[in-house]
Amino acid sequence: MVKTIFTEGEPQSITEVLANKDERVELQQTIFHKFPEYTLLDVKLNIPGPIKNNRYLKEIFASGILNLEKILQNSQLPFTMYEHWERAAGSENFYLVNADHRLVKKRAVEFENKQKINRLFDVDVLIKKQKQAISRKDLDLPVRKCFLCSKPAKECARSRTHSVADLQNYITSLYNEEFCKKSAN
């Protein structure tokens, strides 16, 4: 049992997080310039606080990626990983998917909802002709719920309803539930 998974890692400032976001947008534009007909799947973790990556978060990411790729394969959605980032700001995969963006978004939501720990993932589905990610609302799907209170997640994030410590404690408990029970068996 791990007391907390946020005691190690390189703290990220808001400047570093925003610089990573700028690089992400630049890569997305490059991908669409080269592959305008593909759906882009951008997969990362939603991690509150200054620690965005460490061995525990990498383990969560790797496990989730296997699960997501299995869903894509079982749905017969042809995909290729274009690029993988392993940074202090977090792990991130960029996939080219040769399928309709609506179907890809439905599978992404299926993945995010499949098990509690998958709710930590942010799976953005993008297409060249739309300036922002395809939303659940675009497909008449329910909005993402907060980890702690089940209100809309964006509402809680915007109003900072929950402390970083409470969110990190929840993520640590998910990690313990998912990964420590496996090592105990």
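Residues numbered from 1 in each chain as written. Predicted model: local features only at pLDDT ≥ 70, side-chain atom pairs only at ≥ 80, totals over all residues. Heavy atoms only, no water.

Student: Explain the overall build of the protein chain to me, please; I cannot follow it from the model alone.
Tutor: In terms of helices and strands, the protein chain carries five helices and four strands. Mapped from its N terminus to its C terminus, the protein chain presents α and β elements in the order α-β-α-β-β-α-β-α-α. Relative to the globule expectation of 16 Å for 185 residues, the C-alpha radius of gyration of the protein chain, 16 Å, shows essentially globular dimensions. With respect to the principal axes defined by its C-alpha atoms, the protein chain has extents near 45 × 40 × 30 Å. When burial is assessed residue by residue, the protein chain has 43% of its 185 residues classed as buried. For the protein chain, long-range pairs separated by at least 24 residues make up 69% of all intrachain contacts whose partners lie at least 6 apart in sequence. (Helix = DSSP H or I, 4+ residues; strand = E, 2+ residues; numbered from the N terminus. Rg over C-alpha atoms; globule rule 2.2 N^0.38 Å. Buried < 20%, exposed > 50% of the residue type's maximum accessible area, 1.4 Å probe, protein only. Contact = heavy atoms within 4.5 Å.)

Student: Honestly, the pairing of strand β4 (residues 121-126) in this entry has me stumped. Any pointers?
Tutor: The two faces of the sheet receive side chains in turn, since in a regular strand these alternate between them. Most of β4 sits out of view: six of its six residues are buried. Going residue by residue along β4, you find Phe 121, Val 123 and Val 125 tucked away on one face and Asp 122, Asp 124 and Leu 126 tucked away on the opposite face as well. Here six bridges tie strand β1 (residues 39-45) to β4, and the two strands are oriented antiparallel to one another. Counted as the bridge partner of Val 43 is Val 123 from β4. (Pairing = 2+ DSSP bridges.)

Student: Before we go on, may I ask you to explain the sheet that holds β1 in this structure?
Tutor: In a beta sheet, neighbouring strands are held together by backbone hydrogen bonds and run either parallel or antiparallel to one another. With respect to topology, four strands assemble into an open sheet ordered β2-β3-β1-β4, the strand pairing being antiparallel. Each edge of the open sheet is held by one strand with a lone partner, namely β2 (79-87) and β4. Sheet twist, expressed as the mean angle between neighbouring strand axes with direction ignored, is 15°. Sheet topology note: the β2/strand β3 (residues 90-97) ladder contains eight bridges and is antiparallel. When the sheet's bridge partners are listed, Glu 86 is paired in β3 with Ser 91. Along the sheet, helix α1 (residues 14-34) makes contact with β1, β2, β3 and β4, crossing β2 at roughly 160°. Helix α2 (residues 55-74) contacts β1, β2, β3 and β4 of the sheet and is inclined by roughly 150° relative to β1. (Axes fitted to C-alpha atoms, helices over the stretch in contact; angles between N-to-C directions.)

Student: Is there a simple way to explain α2 in this structure?
Tutor: Because each turn of an α-helix spans 3.6 residues, side chains separated by three or four positions in sequence point in the same direction. Taking 1.5 Å as the rise per residue, α2 with 20 residues should run 28 Å; its terminal C-alpha atoms sit 29 Å apart, in good agreement. Where α2 is concerned, the buried positions are Tyr 56, Leu 57, Ile 60, Phe 61, Gly 64, Ile 65, Asn 67, Leu 68, Glu 69, Ile 71 and Leu 72. Measuring from the backbone nitrogen of Tyr 56 back to the side-chain oxygen at the start of α2 gives 2.9 Å, which picks out Asn 54 as the cap. Of the residues trailing α2, Gln 76 is marked for its positive phi of about 55°. (Expected span 1.5 Å × (residues − 1). Polar contact = N/O pair within 3.5 Å; in protein donor to acceptor, adjacent residues only side chain to side chain.)

Student: Help me out: how do you make sense of the environment of Val 97 in this one?
Tutor: On the secondary structure map, Val 97 appears in strand β3. The exposure class of Val 97 is buried, given its relative accessible area of 0%. In sequence terms Val 97 and Leu 40 are 57 residues apart; their C-alpha atoms lie 6.1 Å from each other. Residues in contact with Val 97, not counting those within four places in the same chain, are Tyr 38, Thr 39, Leu 41, Leu 77, Pro 78, Phe 79 and Val 104.

Student: Looking at this model, I keep getting lost on the nonpolar core. Mind explaining?
Tutor: Ranked by size, the top nonpolar core spans 37 residues in total, and within it Ile 5, Leu 41, Val 43 and Ile 60 carry the most contacts. Breaking this core down by element, the ones donating at least two residues are β1, α2, β3, α3 (101-114), β4 and α5 (164-184). In terms of residues, this core owes the most to one element, α2, which gives eight residues. Setting aside chain neighbours within four positions, we find Leu 41 in contact with Leu 68, Leu 72, Asn 93, Phe 94, Tyr 95, Val 97, Val 104, Val 123, Asp 124 and Val 125. (Core = buried A, V, L, I, M, F, W, Y, C linked by side-chain atoms within 4.5 Å.)

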